[in-house]
Amino acid sequence: MSNTIVPRESEMSLAELRGDCARMAPHWVVPEKAAVKPVEPARIHGVTVPPSSARLIDSMSDYGD
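Note that the structure is a prediction, hence the values are computed from the model and not measured. (Residues numbered from 1 in each chain as written. Predicted model: local features only at pLDDT ≥ 70, side-chain atom pairs only at ≥ 80, totals over all residues. Heavy atoms only, no water.)

**A short note on the overall build of the protein**
Just so we agree on the cut-off: Strands are runs of DSSP state E lasting at least 2 residues, helices are runs of H or I lasting at least 4, and numbering of each runs from the N terminus. Exposure categories follow from relative accessible area, calculated using a 1.4 Å probe and restricted to protein chains: below 20% of the type maximum is buried, above 50% is exposed, and the middle band is partly exposed. All accessible areas in this document rest on Shrake-Rupley with a 1.4 Å probe, and a residue is counted as covered only by the protein chains that are shown.
Check the secondary structure of the protein and you find two helices and zero strands. Of all 65 residues assigned to the protein, the portion counted as buried reaches 2%. Entry remark: accessible area of the protein is about 7200 Å², with carbon and sulfur atoms responsible for 60%.

**Quick look at the pattern of salt bridges**
Stated precisely, the cut-off is as follows: Counted as salt bridges are all cases of a side-chain nitrogen of Lys or Arg within 4 Å of a carboxyl oxygen of Asp or Glu.
Summed over all chains, the structure comprises one salt bridge. Taking the shortest distance from any N to any O, the salt bridge between Asp 20 and Arg 23 comes out at 2.3 Å. You can see Asp 20 and its partner Arg 23 sitting in helix H1 (residues 14-24), three residues apart, about one turn around the helix.

**A look at a nonpolar patch on the surface**
Stated precisely, the cut-off is as follows: Nonpolar side chains (Val, Leu, Ile, Met, Phe, Trp, Tyr) within 5 Å and like charges within 9 Å form the patches, drawn only from residues with over 30% relative accessible area and no salt bridge.
Together, Val 39, Ile 44, Val 47 and Val 49 make up a nonpolar patch on the protein surface, roughly 390 Å² of accessible area in all. Within the secondary structure, Val 47 sits in the loop between H1 and helix H2 (51-59). According to the relative accessible area criterion, Val 47 is exposed, its value standing at 62%.

If you want it as structure tokens, here you go:
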């Protein structure tokens, strides 16, 4: 007896999905963009980052800052 899971084919094609989205788009409400100002560093407290995560984030600067 095999435990292999076979993915089910979608009943909707990509073209049908895009058509549905195009018909729904005029009904979507776009909220007004709220101005976001940076938080002062002095207000950030109680955040603990594990050393392994800090090293991971530190090495990500190689991919662009």
